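# Structural overview
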Amino acid sequence: MASVSLKGYKVDKVDFIATLENGTQVKLGNKYQYNVQYAKNNMCKGEFDIEVYDSNNPDKFKVHVVLSGIFSFKDGEKKEIIHTDTFKALFPYVKAFVTTLTANCGIPPIMIPDIDIDNQQIYRIDNNPQ
């Protein structure tokens, strides 16, 4: 049984720059950040911040998206599990949004590569420990 339940999500920010001349060779790079903020009543907000850009011309091609989701989680669940499970729940929405956005803008659709969150280092900072 899942440790989290996605209640809803929204796109908080979109920046899209595509001023490359036709025929320009693009070398895509990406970076992302993911954070979880905890609230009362076993609720939290996951925020996925991703940027895809041309490594050679980042000022001429960039897609920057911030997408957040609201989750409930099981009482007593470890924060590390909540972090990875909320990431896994939001990632498909971020991936689909970037692909759809770029395709609708008339450029070849960008497919964000899968991210293996289970093998990433998770840094935990408790500002308000429960």
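The structure under discussion appears in the preceding block.
These remarks concern the structure in this document.

Parameters at a glance
- Residues numbered from 1 in each chain as written.
- Predicted model: local features only at pLDDT ≥ 70, side-chain atom pairs only at ≥ 80, totals over all residues.
- Heavy atoms only, no water.
- Salt bridge = Lys/Arg side-chain N within 4 Å of Asp/Glu carboxyl O.
- Buried < 20%, exposed > 50% of the residue type's maximum accessible area, 1.4 Å probe, protein only.
- Helix = DSSP H or I, 4+ residues; strand = E, 2+ residues; numbered from the N terminus.
- Expected span 1.5 Å × (residues − 1).
- Bend = angle between axes of the 7 residues up to and from the residue.
- Pairing = 2+ DSSP bridges.
- Core = buried A, V, L, I, M, F, W, Y, C linked by side-chain atoms within 4.5 Å.
- Contact = heavy atoms within 4.5 Å.

## A few points about the pattern of salt bridges
Applying the stated rule across the entire model yields 3 salt bridges. Among the ionic pairs, Asp15 bridges to Lys13, the shortest N-O distance being 3.6 Å. Owing to a relative accessible area of 28%, Asp15 belongs among the partly exposed residues under this scheme. A salt bridge links Lys95 to Asp114, with the shortest nitrogen-to-oxygen separation between them at 2.9 Å.

## Observations concerning helix H1 (residues 79–104)
End to end, H1 covers 37 Å across 26 residues, agreeing with the expected 38 Å (1.5 Å per residue, within 8%). At Leu90, H1 shows its maximal kink, close to 30°; a proline, Pro92, follows between one and four residues later. Phi turns positive, to about 85°, at Gly106, one or two residues after H1.

## What about the pairing of strand E2 (residues 28–38)?
With 11 bridges joining them, E2 and strand E3 (residues 43–54) adopt antiparallel strand pairing. Directly across from Val36, in E3, lies its bridge partner Gly46. The turn joining E2 and E3, which pair antiparallel and follow one another in sequence, is formed by 4 residues; a positive phi near 60° is taken by Asn41.

## Section: the nonpolar core
Within soluble globular proteins, side chains that are nonpolar generally end up buried alongside one another. Tyr34, Phe48, Val63, Phe87 and Ile112 are the most contacted members of the largest nonpolar core, which has 24 residues in total. Of all the elements in the fold, those that place two or more residues in this core are E2, E3, strand E4 (61–73) and H1. Top element by residues in this core is H1. It accounts for 7 residues. Excluding anything up to four places from it in sequence, Val63 contacts Asp15, Phe16, Ile50, Glu51, Val52, Val98, Leu101, Thr102 and Ile110.

Spatial relationships are all this shows, so hold off on functional conclusions.
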